[in-house]
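Coordinate inspection notes
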Amino acid sequence: MTAEVEAEPAEELPPRLWRLRRRVRTVGRSVVGVIFAGAVLVTGARLLVFDAMWPVAIMTVFAPYAAAASVLVLLGAALLRMRLTLLVALGLVVVHTVWILPRISPADGPVPGGVRLRVMTSNAYFGTADPGRITELVRRERVDVLAVQELTPELATGLERAGLTRELPYTAGHGESGAAGLAIYARRPLGEERLLPERTTMPMPGATVEVDGRRVRLQGVHTIPPMRGQAGQWAHDMDALRREAERRTLPMILLGDFNATSDNASFRALTGAGLRDAHEERGRVLVRTWPMAYFHGLPALFGIDHVLVGGGIDVVSVSEHRVPRTDHAAVIAELSLR
């Protein structure tokens, strides 16, 4: 039957155009096949319930792109009459739609009358971020709690000179050389300062803050990236955060650089422990926060900076803001305590 279908145009077209058509079709099928293979691999990684290994953790973050690729494959396979590919691509589109649709629908609004709290997280890229811009955002957006990752002693001094500590005078954590520094700055006094009970790759300080008579647990987050040779450590850091969330007895806010998207199995396990992602709560789960400025204005690719809440805290809004000299967008969330 295939020979009959292809033989008919051969009588209508000159031999040169027929050969060109066959060449275009061959190239088209090859391109569709490559995109199809990538979409299948990424979708398979996303289906797994563990990602404590390098290829899986990295491939999973491409899930939104695999969703778009599946649609392209579906259209290409239909045009090129690739029936089996068409059927599988249709299945991929259905699976990704099931994953994405619930997360781009905003949750119900906050309970009226809740006490508002504005929190912000910013990765400072080895301390090179602009301290003036960070302080400006804190002032302009009326931020009550700020978590800074990759805070160096030099940047801490720069933030103090820019006036940050006049806005947010209370601190938990401190700057360190390299990427290990992390500190929480707050408008209200902080208590019960401590690191996560389990040892993590980089120190993650936390503290409590009292808001109109209610105590809230704040937890700064900075996990190691799940690169080759580090995925196991990254998964351990994520598990430590999950166990901390399971032990919570107070309303809780986790904020920082998780080096994970909402598609990663370790991140899904964390939200499965009773936490909710601010971006997902507002139907903005496809927002991307990294990499930013160091790529000459090109759009970011992945959403790895998050604010997670649990225990009677609603998300009113969430927004992203560019900070000069760092590759992460700052994330600001307005929260409401019921």
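Anything mentioned here points back to the structure above.
Here the structure is a predicted model, which is why all the values come from computation and not from measurement. (Residues numbered from 1 in each chain as written. Predicted model: local features only at pLDDT ≥ 70, side-chain atom pairs only at ≥ 80, totals over all residues. Heavy atoms only, no water.)

Remarks on the sheet that holds strand β8 (residues 252-257)
- The sheet built from 6 strands is open, its strands ordered β5-β6-β7-β8-β10-β9 with mixed pairing. Both edges of this open sheet fall to β5 (190-195) and β9 (276-277), since each of them pairs with a single strand only.
- Bridge count for strand β7 (residues 214-222) against β8 is 6 bridges, and the pairing is parallel. Note on β8: the bridge partner recorded for H222 is D257. (Pairing = 2+ DSSP bridges. Helix = DSSP H or I, 4+ residues; strand = E, 2+ residues; numbered from the N terminus.)

What to know about the sheet that holds strand β4 (residues 182-186)
- One open sheet holds the 6 strands; their spatial order is β3-β4-β2-β1-β12-β11, and the pairing between them is mixed. Of all strands in the sheet, those bounded by a partner on one side alone are β3 (170-174) and β11 (313-321). Along the sheet, successive strands turn relative to each other by an average axial angle of 15 degrees, direction set aside.
- Both β3 and β4 contribute to a ladder of 5 bridges, which runs antiparallel. Considered in β4, the bridge of T171 is made with Y185.
- Packed on one face of the sheet, helix α6 (residues 131-140) meets β1 (115-123), β2 (145-149), β11 and β12 (330-337) and runs near 170 degrees to β1. (Axes fitted to C-alpha atoms, helices over the stretch in contact; angles between N-to-C directions. Contact = heavy atoms within 4.5 Å.)

Some remarks on the packing of aromatic side chains
- One pass over the structure, following the stated rule, counts 6 aromatic pairs.
- Note on F62 and Y65: the rings are 6.3 Å apart at their centroids and 55 degrees apart in plane angle, and the pair reads as tilted.
- Geometrically, the ring pair formed by F258 and F267 is edge-to-face, given 5.8 Å between the ring centres and 80 degrees between the ring planes.
- Assessed through its relative accessible area of 0%, F258 is described here as buried.
- A relative accessible area of 1% places F267 in the buried class.
- Through pairs of rings, three or more aromatic residues link up here, namely F62, Y65, W290 and F302.
- The cationic tip of R46 hangs over the ring face of W99; the distance from NZ or CZ to the ring centre is 4.2 Å. (Phe/Tyr/Trp six-rings, centres within 6.5 Å; stacked < 30°, edge-to-face > 60°. Buried < 20%, exposed > 50% of the residue type's maximum accessible area, 1.4 Å probe, protein only. Lys NZ or Arg CZ within 6 Å of the ring centre and 35° of its normal.)

Observations regarding helix α7 (residues 153-161)
- Those residues of α7 that fall on the buried side of the exposure criterion are L155, G158 and L159. On an axial view of α7, the arc spanned by its buried residues comes to 100 degrees, and they lie on one face. Exposed side of α7, more than 90 degrees from the buried face: E154 and R161 are the residues found there.
- Close packing links the buried residues of α7 with α6, β2, α8 (164-167) and β4.
- Looking one or two residues beyond α7, the residue adopting positive phi is G163, at roughly 100 degrees. (Arc of directions from axis to C-beta.)

Examining the nonpolar core
- Counting residues in hydrophobic clusters, the biggest one holds 24 residues, and the most contacted among them are V119, I253, V307 and L335.
- With 4 residues, β12 is the single largest residue contributor to this core.
- Residues within four places of V119 in sequence aside, it is in contact with V143, V145, I253, L255, V307, V331, I332, A333 and L335.
- Listed in part, the 20 residues of the second largest apolar core include A57, W234, A273 and L275. (Core = buried A, V, L, I, M, F, W, Y, C linked by side-chain atoms within 4.5 Å.)

Observations concerning the environment of D144
- As for its placement among the helices and strands, D144 is situated in the loop between α6 and β2.
- Judged by relative accessible area, which is 11%, D144 ranks as buried.
- Measuring from C-alpha to C-alpha, the distance between D144 and L168 comes to 7.2 Å, with 24 residues separating the pair along the chain.
- Ignoring sequence-local partners within four residues, the contact set of D144 consists of R116, L117, R118, L168, Y185, A186, R187 and R188.

Considering the pattern of salt bridges
- Tallied over the entire structure, the rule returns 20 salt bridges.
- Notably, a salt bridge pairs R243 with E198, separated by 2.5 Å at the nearest N-O pair. Taken together, the residues span a long stretch of sequence, with R243 in helix α9 (residues 231-246) and E198 in the loop between β5 and β6 (205-211) at a distance of 45 residues.
- Exposure remark for R243: the relative accessible area of 26% places this residue in the partly exposed category.
- Among the ionic pairs, E244 bridges to R247, the shortest N-O distance being 3.1 Å.
- By relative accessible area, which is 42% here, R247 ends up partly exposed.
- Residues participating in the shared-partner salt-bridge network are R116, R118, R140, E141 and E334. (Salt bridge = Lys/Arg side-chain N within 4 Å of Asp/Glu carboxyl O.)

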